Amino acid sequence: MTEPRCIPLEAISDEAVGGKAEGLARLLAQGFDVPSGFVVLGASPGRLPDELDEHYVRIGAGKVAVRSSAVGEDSGSASFAGQYETVLNVEGIEALRAAIEDCLRSVENARALAYRDAQTGQREAEMNIVVQQMVDARSAGVLFTAHPVNARRDRIVVDAVSGLGDDLVSGRATPDHWLIARDGSVIERELQGDEPVLSDAELTRLVDEALVAEQQYGAPLDIEWAIDRAGGLRWLQARPITQLPADPNELDTKPNPDDVYTWCNIGEMMPGAVTPLTFSVTARGIDLGMQRAYRRMGAKVPHGEGLRYVGMYYGHLFLNLSSLSELASAVAGSTKSQMCIALCGRDIDEVMEPEPEPAWRRALNGARYFSLLVSASKHRSDLDALAAGLELRRLGTARQLYRAIDENLPQVWRAYELHLLSSSSAGALSPILLGILAKGEEPTQEHHAEVADMLAGAKDVESADIAEGVERLIELLLVQESVKEAFAAADPEAALVWICSSDAGEARDEFRRYLDRHGHRAVRELELRQKEWAVDPAPLIASLQSGLRARLELGARHRMPAPKQRAAQDHPVLRRLLPLAHAAIRTREHTKSALVAVTTAFKHAYRTLGSQLTQEGWLPDPDAVFFLTHQELGELLGGRRELSGVAVSRRRVIDYQMPLHFAEVFRNRPDPLELGPAVDGDRALVGKPVSRGKVTGRARVVETLEQAAALEAGEILIAPITDVGWTPYFSLIAGLATDVGSAVSHGAVVAREYGLPAVVNLRVATSRIQTGDLVTLDGDRGTLTHAEAEPGSRGS
């Protein structure tokens, strides 16, 4: 057995002294002001080092702090905060011996045993003890060089109390709190008294020195500090922030400070945060598809595989309006303004007018663009053939499966190119219709409502059949008198088992046909991690049950009559353009379905790869595959095994990223918005009317599709966005309001098909309205307001 001994903090080298002593030794070596002290190694109750008295005298023989420094304590994976004993203001050798023995015995206390078992799986621990001079603290506290909750590396958190910091770390005192940017600017300040515990100069010095410590340590730090009565800054502890997830900005785009970005359009296609794998496949597909499509129109798009038009911040995707405006300026008949209207529903003043190409080149490119528009049916057929013929390997080693995916990724880029080429007329015709109605002026809300009227006439739209198919299933369930009420009230898993059984009769057959047609669809369907309905039909079952309950309660569903489209009938140009616009919408929805089918084939392939990587020991579980980029998966298989831990760390931050909101348009890079409740509940929110009519009813604010199962008949659905995965609920609601969207978005298309009043692009509706609020949705004026009257019926 090794004899117990003492080592001065400044003399620590390679010894296993425990996390706390190691952190203090590193601070000392880097020149920080650390109270004098020593570490006691190899001791046990009743068996302390012979030289303990000598080391105590060496540091002044006054009041000291006695703290644990177990091996594994204060690490990045487990802090052991508060699990072992700490004794402060110890004075005298006998009191010191007693305090050390108390700390040594705490290694076996019940809370420490339970914590060790849960966090490390180890019942035994090697306990060392740190003894340091007490600081006569005027103030003390904790500093995190990264935000410990959301893991943002651009934020520093400082908590401070008067006197010793023990009351703070034990939770007995509420501190002054600062949230600080890396440049030292204060973002938030919460004080407990009239005056702050720290002066501005002290706060600045604290932050500056902490950032130096972090740089030298090479990782974000959790630091304890104190300021003594003379104003000296003393460092008491430094350890990695425990269980800190990956940086939420780790994969951010490197922006040009002058570029203008928006979440419009792409925020509907890819709502919320995306996984790293999706960023490397789907976002890349969108970008390369645009590059190739515009290159075919004659625009000067440099060759290469880098992203030019799609950016990512905090895991959310954005479009670079500045880069896209340069493309628009190269084609006759296309302008920066039209591009902004097509994407955002309005011109964006922040986007500079690019220098136009020579007239002859614009004319030539315009002709190329027109040629591509009239070739939409060929592009549609090519995409259908690509989707039908795509086969990816499903068996083999992880390396073989990865190689098969890698070799077929160009099919994804091709699919996006064909979708953009075949559906570009849908985006182009909407601003043209607006321009004709507005006669060259800025379109009004009435003009947007009239265009919504015109587009409502589109028939045989594929995405509309998603909701119509749910209605057909509900009709078949309604005729089964013995089971319809039981199905509506059943546990969703039991309802799924029943509708897939022979007892369901025609409903089972229709459910199978529905999955054959639409089983590749889902909410957030271009996110590779998202399971499609054929794999996870639970969302469909939930919508069936909600719709069935509504029909049982209210009877037959009322649908709005089709709009009369007077403006189109009275205008000769509009009358000719309208059939083209309807055809463009049908094509856009069809090719979007084909694009999703291609994406679904790669979902299957990556799931198979994830399972094989887990089986071979490369990843801890199959889901981790989605938290590495496609390139990183290749690097993992090439030997970079540390990427397995990177994937797990990234997965822990996506819950923070997912619900973030951003300004609709921003320059350089965004900061997440803090969306509080509305102060004035009567103020109207103004968006874009995309389906006419007016309705008053109770709001149902839904952030996720899972929450939509609580929808009741006649409620007004208020959501951040509604992609095609939400449409099964459209037969149930009385109106639709979204934070994001456009006149040709999937939600708008289906709302018009159903005659539902709909307003999109309200931006903050989900944060300003609460479930149960009585609201009026006006699809003519594009407004959402709190209502005073009782709910009324829909009207135009």
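Novice: Sorry if this is basic, but what is going on with the overall build of the chain here?
Specialist: Scanning the chain from terminus to terminus reveals 26 helices and 23 strands. Relative to its full complement of 796 residues, the chain shows a buried share of 56%. Accessible surface for the chain amounts to roughly 33200 Å². Of this, 49% is attributable to carbon and sulfur atoms.

Novice: Could you clarify how one ought to interpret the pattern of salt bridges in this entry?
Specialist: Between side chains of opposite charge, pairing is possible as soon as their charged atoms come close. Taken as a whole and assessed by the stated rule, the structure comprises 46 salt bridges. Here arginine 588 ties to glutamate 589 by a salt bridge, and the two come within 2.7 Å at their closest N and O atoms. The closest approach of N and O atoms between arginine 700 and glutamate 715, which form a salt bridge, is 3.0 Å. Of this pair, arginine 700 sits in strand β18 (residues 694-701) while glutamate 715 sits in the loop between β18 and β19 (716-719), and the two are 15 residues apart along the sequence. You'll find arginine 700 and glutamate 715 in the same group, each marked buried. Through salt bridges that share partners, Asp465, Arg472, Glu510, Arg513 and Arg517 make up one connected network.

Novice: I would appreciate a short explanation of the state of the cysteines in the present structure.
Specialist: Here a disulfide denotes a covalent bond joining the sulfur atom of one cysteine to the sulfur atom of another. A complete count under the given rule lists zero disulfides for this structure. This cysteine, cysteine 264, is not joined by any disulfide, and cysteine 344 carries the nearest cysteine sulfur, 3.8 Å off. Cysteine cysteine 340 shares no disulfide, and the gap to the nearest cysteine sulfur, in cysteine 344, comes to 5.8 Å. Cysteine 340 sits in the buried class, given a relative accessible area of 0%.

Novice: Quick question: what am I supposed to make of helix α18 (residues 506-518) here?
Specialist: Side chains of residues three or four places apart in an α-helix project in the same direction, reflecting 3.6 residues per turn. Under the 1.5 Å per step criterion, the end-to-end length of α18 is 18 Å for 13 residues, consistent within 8% with the ideal 18 Å. Within α18 the residues assigned to the buried category are Ala507, Glu510, Phe511, Tyr514, Leu515 and His518. The arc enclosing the buried residues of α18, seen along the axis, measures out at 140°, which places them on a common side. The exposed set on the far side of α18, more than 90 degrees from its buried face, consists of Glu506 and Asp516. Residues of α18 that are buried make contact with α15 (464-478), α17 (492-499) and α19 (538-554).

Novice: Looking at this structure, I do not really get unusual backbone geometry. What am I missing?
Specialist: Backbone phi values are negative for most residues with the exception of glycine, while trans is the configuration of most peptide bonds. Even without glycine at this site, alanine 151 takes up a positive phi of about 70°. Positive phi, normally seen in glycine, also occurs at asparagine 668, with a value near 75°.

Novice: I'm lost on a positive patch on the surface in this one. Help?
Specialist: Together, Arg393, Arg399, Arg403 and Arg641 line one region of the surface with positive charge. Residue class for arginine 393 comes out partly exposed when judged on its relative accessible area of 42%.

Novice: Just checking my understanding: could you explain the environment of arginine 651 for this structure?
Specialist: The residue arginine 651 is located in helix α23 (residues 643-651) in this model. Distance from arginine 651 to alanine 246, taken between C-alpha atoms, is 8.0 Å for residues 405 residues apart in sequence. With residues up to four places along the chain from it excluded, the contact list for arginine 651 reads Arg529, Asp621, Asp623, Ala624 and Phe627.

Novice: Quick question: what am I supposed to make of helix α10 (residues 336-344) here?
Specialist: The set of residues buried in α10 consists of Lys336, Met339, Cys340, Ile341, Leu343 and Cys344. A positive backbone phi angle near 80° is found at glycine 345, which sits one or two residues after α10.

Novice: Honestly, the sheet that holds strand β12 (residues 260-262) in this entry has me stumped. Any pointers?
Specialist: Adjacent strands of a sheet pair through backbone hydrogen bonds, lying either parallel or antiparallel. Spatially, four strands are ordered β13-β14-β12-β15 in an open sheet, and the strand pairing comes out antiparallel. Every other strand in the sheet has two partners, leaving β13 (310-313) and β15 (665-667) as the edge strands with one partner each. For this sheet, the mean angle separating the axes of adjacent strands, direction not counted, is 40°. Here two bridges tie β12 to strand β14 (residues 316-320), and the two strands are oriented antiparallel to one another. Each residue of the ladder has a partner; that of tyrosine 261, found in β14, is asparagine 320. Against the sheet, helix α8 (residues 276-296) engages β13 and β14, with an angle of about 150° to β13.

Novice: What should I look at first to understand the packing of aromatic side chains in this one?
Specialist: This model, assessed by the stated rule, comprises 10 aromatic pairs. Each ring, one from tyrosine 314 and one from phenylalanine 662, has its centre 5.7 Å from the other, and the planes form 40°; the classification is tilted. Here tyrosine 314, found in the loop between β13 and β14, pairs with phenylalanine 662, found in the loop between α24 (654-657) and β15; they are 348 residues apart in sequence, far enough to count as distant. We note that tyrosine 314, like phenylalanine 662, is buried. Taken together, the ring pairs in this structure connect Tyr261, Tyr313, Tyr314, Phe318, Phe662 and Phe666 into an aromatic cluster. Directly above the ring of tyrosine 217 sits arginine 26, whose terminal nitrogen or CZ lies 3.8 Å from the centroid. It is arginine 641 that lies over the ring of tryptophan 618; its NZ or CZ is 4.0 Å from the centre.

So, how was this worked out
- Residues numbered from 1 in each chain as written.
- Predicted model: local features only at pLDDT ≥ 70, side-chain atom pairs only at ≥ 80, totals over all residues.
- Heavy atoms only, no water.
- Helix = DSSP H or I, 4+ residues; strand = E, 2+ residues; numbered from the N terminus.
- Buried < 20%, exposed > 50% of the residue type's maximum accessible area, 1.4 Å probe, protein only.
- Areas by Shrake-Rupley, 256 points an atom, 1.4 Å probe, with all protein chains shown as cover.
- Salt bridge = Lys/Arg side-chain N within 4 Å of Asp/Glu carboxyl O.
- Disulfide = S-S within 2.5 Å.
- Expected span 1.5 Å × (residues − 1).
- Arc of directions from axis to C-beta.
- Contact = heavy atoms within 4.5 Å.
- Patch = residues over 30% accessible without salt bridge, like charges linked within 9 Å, V, L, I, M, F, W, Y side chains within 5 Å.
- Lys, Arg positive; Asp, Glu negative; His and termini not counted.
- Charge placed at Lys NZ, Arg CZ, Asp CG, Glu CD.
- Pairing = 2+ DSSP bridges.
- Axes fitted to C-alpha atoms, helices over the stretch in contact; angles between N-to-C directions.
- Phe/Tyr/Trp six-rings, centres within 6.5 Å; stacked < 30°, edge-to-face > 60°.
- Lys NZ or Arg CZ within 6 Å of the ring centre and 35° of its normal.

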